[in-house]
Amino acid sequence: MSIVGEVKTWNPSLPYEILSLDFAARLSFSSDSVAAVSGDFGGMVTGDPAAVLYPASAGDVVELIEFSYNSSCPFAVAARGHGHSARGQATAMEGVVVDMRSLKRNGGGIRVSWSEALGFYADVGGYQLWVDVLRASLEYGLAPVSWTDYLYLTVGGTLSNAGISGQTFRYGPQIANVLEMDVITGKGEFITCSKHINSELFFAVLGGLGQFGVITRARIVLQKAPTRVKWVRMLYDDFTKFTRDQEHLISIDDGLDYVEGSLVMNQSPANNWRSSFFSPSHQPQIASLISNHGIIYSLEVVKYYDDETATTIDEELQELFKGLSFIPGFVFEKDVSFFDFLNRVRSGEVKLRQKGMWDVPHPWLNLFVPKSRILDFNVGVFVDIILRQNKTSGPILVYPTNKSRWDDRMSAVIPEEETFYCVGLLHSSGVNEWGELDSQNEEILKYCDEAGIKIKQYLPHYKTEEDWEKHFGKKWKTFQQRKALFDPKLILSPGQRIFS
Ligand code: FAD
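Here's what I pulled together on the structure shown here. This structure is a prediction, so every number in the text was calculated from the model and none was measured. (Residues numbered from 1 in each chain as written. Predicted model: local features only at pLDDT ≥ 70, side-chain atom pairs only at ≥ 80, totals over all residues. Heavy atoms only, no water.)

Once that is clear, we can look at empty space enclosed by the protein. A probe matching the size of a water molecule, rolled over the atoms, marks out where space remains unfilled. On inspection of all chains with the given rule, the structure shows six cavities of 30 Å³ or more. Of the volumes computed, that of the second largest cavity is approximately 100 Å³. Around the second largest cavity sit 15 residues that line it, and Asn161, Ala412, Val413, Pro460 and His471 are the ones nearest its centre. Of the residues in the lining of the second largest cavity, the class split is 10 nonpolar, five polar and no charged. (1 Å grid on protein atoms, 1.4 Å probe; cavity = no way out; pocket = protein on both sides within 12 Å on 5 of 7 lines; lining within 4 Å. Points joined across faces, edges and corners; volume = space filled by probe spheres on them. Nonpolar A, V, L, I, M, F, W, Y, C, P; charged D, E, K, R; others polar.)

In structure tokens, the structure reads:
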């Protein structure tokens, strides 16, 4: 790691004594280092830290946070995983960004184990990408059970939010599939925690938006991995039928392994960077449906299988699909490897990168919508704002999941109802054009507020403390108490803009 280059003038927010610490040689003040961590995937918010730490071990992170904590004027510290936040959540203005990925470069591994009490599990660095966790566990014929749609995100980054995808209804979010963690708190203490030891810290960190500690290791639940998947999409012209079928499918025990869904319309085509599923021969039929209905809905499901179940999988699927109300004839199937299915977004990323369209602004809005109001949400948001305004560009996801798979002691916030929908408006825009899409996001939030739809933001971003208080609801007091306990000097992840 080269940390030479043009050095910025000394930032007075950092004490000079930082240069006498053991990790000083791994601290960079160069403009290039600072520029590399001041933005993120969202491309809308930047914030320059005073320095970047490329830690060689968790000990470096302990020393940095402890030093800040004991300074007369503590400075901000933010762990940066893969920088795939959308709103500057991994920045530390005037402070130090810890480039967690450098722990991997320094030899961090993924260790797969088994115990009678826990079954199979993997101990992985918080800085590991999920794709690497998948590759390493597949070598043992095993895999984590809960995923995100995209695998080039770090374990620490997704566990700080929740980690959701089409598997969540069945296996819970990623934060519900963690057995133990090593965490460095805002006081610089290195603590191992689980449901049974130091449980307050364990639950605080899961979905804790980086506010309580830096995750350096997580123990992730593994199960026997399937080898292949049947991947099916069905098209609907009626939102009520679409959601009724989604809800039915997630209610079947031991049924499907993955259920998602998306809107298909001119401004959000059936094939997009998230996944290119439909062949060119399907396109004219789909285009004609869109021109008749404006919006159509694509239900997306997966059932895993392997050699043992290869002869029965088709029959099982037929049984599961009985009584569904998709448009007759509009069912499309693929048979792919388990790895290719989980890594399905990567090829879209590579294509967009080649066209220079990956590193553009992403004014995303992700919401959890209670089931009881999803039909109102369809009319008020999908039809009346998104379709009518015709500004959207990017995939729009909508799929249900279950509250009972989440542990209420965790910091993550979800609606009160047992079934709620994950809605992802995954916009991209031209460099200076994201403002218009963000205004549309504001309009959607305002509509929900006025219509009394009790949504919760996922990957939340707010400007005022009142908004955060409203977001956390009955969890706000606990969130504040945990902050006072584990990061009393408000050092960690200030880019979330929760505490000032
Ligand atoms: P960063 O952006 O680097 O950090 C995010 C936050 O976590 C920051 O506050 C940071 O300080 C903190 N943090 C980072 N590492 C640690 C650590 N080790 N310990 C403590 N705090 C830490 N999310 C889903 O749930 N499901 C999806 O399907 C999904 N798909 C996505 C697809 C794309 C293309 C993108 C860009 C994002 C997607 N996300 C999804 C959102 C993603 O999970 C979050 O943005 C996540 O935080 C990104 O991880 P990261 O490693 O880039 O984190």
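One pass over the full model with this rule turns up 36 aromatic pairs. Between the aromatic rings of Phe368 and Trp406, the centroid separation amounts to 5.9 Å while the plane-to-plane angle is 75°, which identifies the pairing as edge-to-face. Of this pair, Phe368 sits in strand β15 (residues 365–370) while Trp406 sits in the loop between β16 (396–402) and β17 (419–425), and the two are 38 residues apart along the sequence. Counting every residue linked through ring pairs, the aromatic cluster contains Phe212, Tyr462, Trp468, Phe472, Trp476, Phe479 and Phe499. Arg346 extends its terminal NZ or CZ atom over the ring of Tyr152, reaching a point 3.7 Å from the ring centre. (Phe/Tyr/Trp six-rings, centres within 6.5 Å; stacked < 30°, edge-to-face > 60°. Helix = DSSP H or I, 4+ residues; strand = E, 2+ residues; numbered from the N terminus. Lys NZ or Arg CZ within 6 Å of the ring centre and 35° of its normal.)

A cluster of acidic side chains, namely Glu465, Glu466, Asp467 and Glu469, defines a negative patch on the protein surface. The topology assignment puts Asp467 in helix α15 (residues 465–472). (Patch = residues over 30% accessible without salt bridge, like charges linked within 9 Å, V, L, I, M, F, W, Y side chains within 5 Å. Areas by Shrake-Rupley, 256 points an atom, 1.4 Å probe, with all protein chains shown as cover. Salt bridge = Lys/Arg side-chain N within 4 Å of Asp/Glu carboxyl O. Lys, Arg positive; Asp, Glu negative; His and termini not counted. Charge placed at Lys NZ, Arg CZ, Asp CG, Glu CD.)

For the rest of this paragraph, the subject is the environment of Asn271. Note on placement: Asn271 falls in the loop between β12 (258–264) and α9 (283–293). When the C-alpha atoms of Asn271 and Gly348 are compared, they prove to be 9.9 Å apart, with 77 residues separating the residues in sequence. Ignoring sequence-local partners within four residues, the contact set of Asn271 consists of Ser276, Phe277, Phe278 and Gln283. A distance of 2.8 Å separates a polar side-chain atom of Asn271 from the backbone nitrogen of Phe277. Within the structure, the side chain of Asn271 is placed 2.7 Å from the backbone oxygen of Phe278, a separation counted as a polar contact. (Contact = heavy atoms within 4.5 Å. Polar contact = N/O pair within 3.5 Å; in protein donor to acceptor, adjacent residues only side chain to side chain.)

Taken together, 33 residues form the shell around the ligand, and within it Ala79, His84, Ser85, Thr154 and Tyr458 come nearest. Taking His82, its main chain carries an N or O atom lying 2.9 Å from an oxygen atom of the ligand. Between the ligand and the protein, one listed contact pairs an oxygen atom with a side-chain N or O atom of Ser85 at 2.6 Å. Expressed as a share of its isolated accessible area of 960 Å², the protein-covered part of the ligand is 96%. When residues of the shell around the ligand are traced back to their parent elements, those giving at least two are β3 (77–80), α5 (155–159) and β10 (213–224). Looking at side-chain class alone, the shell around the ligand contains 13 nonpolar, 18 polar and two charged residues. (Near = heavy atom within 4 Å.)

Turning our attention to the side chain of Asp132. In this structure, Asp132 sits in helix α4 (residues 130–138). A polar contact is formed between the side chain of Asp132 and the side chain of Lys104, at a distance of 3.2 Å. With sequence-adjacent residues up to four places away left out, Asp132 is seen in contact with Lys104 and Ile110.

This paragraph deals with the nonpolar core. Ranked by internal contacts, the top residues of the largest apolar core, which has 85 residues, are Met181, Leu235 and Trp406. Contacts of Trp406, omitting those with residues within four sequence positions, involve Ala162, Ile164, Thr168, Pro173, Ile175, Phe368, Thr401, Ala412, Ile414 and Phe420. Ranked by size, the runner-up nonpolar core spans 40 residues in total, among them Leu367, Phe377, Ile386 and Val398. (Core = buried A, V, L, I, M, F, W, Y, C linked by side-chain atoms within 4.5 Å. Buried < 20%, exposed > 50% of the residue type's maximum accessible area, 1.4 Å probe, protein only.)

Next up on the list: the pattern of salt bridges. Tallied over the entire structure, the rule returns 34 salt bridges. For Asp306, the salt bridge is made with Lys224, and the minimal N-O distance between the two is 3.1 Å. Placement of Asp306 in the loop between β13 (296–305) and α10 (313–321) and of Lys224 in strand β10 is noted, with a sequence separation of 82 residues between them. Three or more residues joined by partner-sharing salt bridges are found here, namely Arg111, Asp123, Glu180, Asp182, Arg217 and Arg219.

Bringing helix α16 (residues 476–486) into the picture now. All of the buried residues along α16 are Trp476, Phe479, Arg482, Lys483 and Phe486. Along the axis of α16, the buried residues cluster in a sector spanning 125°; they form a single face. Against β8 (178–185), α7 (199–205) and α15 lie the buried residues of α16. (Arc of directions from axis to C-beta.)

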